[in-house]
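Tertiary structure, described
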Amino acid sequence: MITLMDLNYLVYFCLMMTFGSIWIHKSAWLWGSFLALSFSLAIYTGAVQLFSIVPLILLFLIFWILKNPIAGGKRHFLTITAIAIAALLNYHWAPGFNNLKITSAFYLNFDKPLMGLFPLIFLVPVCQTRDDWIQVGLKAVPLTLLFIFGLMALGLGTGVIEWQLKLPTHFFLRIISNLFLTVIPEEGFFRGFLQKEISHQIGRGFFGKSVGIAGAALVFTLFHLTWTASPAMLALVFVAGLIYGLVYEFSGKIEGSILCHFAVNVIHMFFFTYHAE
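Residues numbered from 1 in each chain as written. Predicted model: local features only at pLDDT ≥ 70, side-chain atom pairs only at ≥ 80, totals over all residues. Heavy atoms only, no water.

With 21 residues, helix H9 (residues 231-251) should reach 30 Å at 1.5 Å per residue; the first-to-last C-alpha distance of 30 Å fits that figure. For H9, the full list of buried residues reads Met-233, Leu-234, Leu-236, Val-237, Ala-240, Gly-241, Ile-243, Tyr-244, Gly-245, Val-247, Tyr-248 and Ser-251. The elements touched by buried residues of H9 are helix H6 (130-158), helix H7 (171-202), helix H8 (206-222) and helix H10 (254-271). A positive phi of about 75° marks Gly-252, the residue just after H9. (Helix = DSSP H or I, 4+ residues; strand = E, 2+ residues; numbered from the N terminus. Expected span 1.5 Å × (residues − 1). Buried < 20%, exposed > 50% of the residue type's maximum accessible area, 1.4 Å probe, protein only. Contact = heavy atoms within 4.5 Å.)

Shown next as structure tokens:
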């Protein structure tokens, strides 16, 4: 017999599959089916209210318009509006969402991942061929290893983090939810959309790319104010944001920054002090 708790988990499984299906076959019927099923189950279980579809529709329209070559004030307005809606979802200020509580500090979020869905669908090319994945491996993996070592050294050297080898509670659920409901949406929004958008507005040269990386990293850090109030940890988050941006820029693939971001998060959870237990 299927219980309400089973359906609660099915809500998030379908939401994860919405993101995963982008790499299987980026077509509206596939990701749209998973999204519709997830949202329908979420309404049935009380995870969302019907009016919670409003920010989802607004983001769909914004990124559907932004995929077209519009410029000037209209593009600036849509970009700022997208950031504002993403902030509402990220800070859990958008009404009607009842995220699933696993522990006092670990939730499965339905609202926050939505900010990165439509950038991935409409704006960000994803790996489709073997050569694409080889490019990610050759360019992103070495950088990821290098930057992880540097980030660890910086965190340990400044005392922001400490060694703490452990097996986190609900570790399998944490890992898959971190990938599909945190890392992929965040990289889709901050690197795939915002970094590129800022760079294009400033200019495509070195200065424009640098401002894009730094600007996206800054907004990324501000979006983590509810995750930690520690200025030192937020500074480390900013450095991490710069790293993800550099990996994305150098690899030319969103999968590169996803890999780096996910590796950092997993290592942080398993080997260092991690307040979000």
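Having seen the structure, we can now continue with the description.
In this section: the packing of aromatic side chains. Scanning all chains against the criterion turns up 17 aromatic pairs. Ring centres of Phe-39 and Phe-110 lie 6.0 Å apart, and the angle between their planes is 65°; on these two criteria the pair is classed as edge-to-face. Linking Phe-39 in helix H2 (residues 28-45) with Phe-110 in the loop between strand E2 (106-108) and helix H5 (117-122), this pair joins segments that are 71 residues apart in sequence. Between Phe-189 and Phe-190, the ring centres sit 5.3 Å apart and the planes meet at 90°, which makes this aromatic pair edge-to-face. Each of the two residues, Phe-189 as well as Phe-190, counts as buried. Lying across the ring of Phe-106, Arg-174 places its NZ or CZ 4.4 Å from the centre. One cation-aromatic arrangement involves Arg-191 over Phe-220; the distance from NZ or CZ to the ring centre is 4.7 Å. (Phe/Tyr/Trp six-rings, centres within 6.5 Å; stacked < 30°, edge-to-face > 60°. Lys NZ or Arg CZ within 6 Å of the ring centre and 35° of its normal.)

Core analysis: the biggest nonpolar cluster contains 77 residues, and Phe-63, Phe-110 and Phe-118 have the highest contact counts within it. Leave out the neighbours within four places in its chain, and Phe-118 touches Trp-31, Leu-35, Leu-56, Leu-59, Phe-60, Phe-63 and Leu-123. (Core = buried A, V, L, I, M, F, W, Y, C linked by side-chain atoms within 4.5 Å.)

Inspection of every chain in the model, using the stated rule, returns five salt bridges. Two residues, Lys-209 and Glu-249, come together in a salt bridge whose shortest N-O distance is 3.4 Å. Of the two residues, Lys-209 is situated in helix H8 and Glu-249 in helix H9; the sequence distance between them amounts to 40 residues. Overall, Lys-209 belongs to the partly exposed group, its relative accessible area being 34%. Taking the relative accessible area as the measure of exposure, Glu-249 reaches 33% and is therefore partly exposed. (Salt bridge = Lys/Arg side-chain N within 4 Å of Asp/Glu carboxyl O.)

Quick look at H2 now. With 18 residues, H2 extends 25 Å from end C-alpha to end C-alpha; this agrees with the ideal 26 Å at 1.5 Å per step. Buried within H2 are the following residues: Leu-30, Trp-31, Leu-35, Ser-38, Phe-39, Leu-41, Ala-42 and Thr-45. Down the axis of H2, the sector holding all buried residues measures 165°, keeping them to one side. Residues of H2 that are exposed and point more than 90 degrees away from the buried face comprise Ala-28, Trp-29 and Tyr-44. Immediately beyond the C-terminal end of H2, within one or two residues, lies Gly-46, with a positive phi of roughly 90°. (Arc of directions from axis to C-beta.)

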